[in-house]
Amino acid sequence: MTTALAIRTILEIAVSLFVIYCVYNEQKIIVIEDRIIKYIAKKIYIHKRKKAIAKKKAAKRAQAARRQAVRSEEYSPKPARKVYDINFAA
């Protein structure tokens, strides 16, 4: 008997015992599955909320930057008007 065959046989026996245990204690397994599903759903919800909040903050920062750019254009000194000398000697 090789090592690979021995490991495979042990794993098959373990899986068979696990299936028998699950059938015998089905209600406990259902409770565990529900907990796992709720945990995963909560993680997905939190991830989506964090992503939405980050997107909203980025939009606010971009809007503030645009507003600052407009303000800096409004308050910057305007170039002086060109004055043309119409009094010339002929």
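Our subject is the structure listed above.
Observations concerning the overall build of the protein chain
Turning to step 1, where the next piece is worked out: When helices and strands are tallied, the protein chain shows two helices and zero strands.
Turning to step 2, where the next piece is worked out: Across the 90 residues in the protein chain, those meeting the buried criterion constitute 3%.
Turning to step 3, where the next piece is worked out: Carbon together with sulfur atoms contributes 64% to the accessible area of the protein chain, which is approximately 9400 Å² in total.

So, the pattern of salt bridges
Turning to step 1, where the next piece is worked out: Under the definition given, this model contains one salt bridge.
Turning to step 2, where the next piece is worked out: The partner of E12 in a salt bridge is R8, and the shortest N-O contact between them spans 3.4 Å. Of this pair, E12 and R8 both sit in helix 1 (residues 3–24), four residues apart, roughly one helical turn.
Turning to step 3, where the next piece is worked out: According to the relative accessible area criterion, R8 is exposed, its value standing at 54%.

Quick look at a nonpolar patch on the surface
Turning to step 1, where the next piece is worked out: A cluster of nonpolar side chains, contributed by I32, I36, Y39, I40 and I44, occupies part of the molecular surface with about 490 Å² of accessible area.
Turning to step 2, where the next piece is worked out: The topology assignment puts I40 in helix 2 (residues 26–75).

Calculation criteria
- Residues numbered from 1 in each chain as written.
- Predicted model: local features only at pLDDT ≥ 70, side-chain atom pairs only at ≥ 80, totals over all residues.
- Heavy atoms only, no water.
- Helix = DSSP H or I, 4+ residues; strand = E, 2+ residues; numbered from the N terminus.
- Buried < 20%, exposed > 50% of the residue type's maximum accessible area, 1.4 Å probe, protein only.
- Areas by Shrake-Rupley, 256 points an atom, 1.4 Å probe, with all protein chains shown as cover.
- Salt bridge = Lys/Arg side-chain N within 4 Å of Asp/Glu carboxyl O.
- Patch = residues over 30% accessible without salt bridge, like charges linked within 9 Å, V, L, I, M, F, W, Y side chains within 5 Å.

All we've got here are geometric facts, nothing functional implied.
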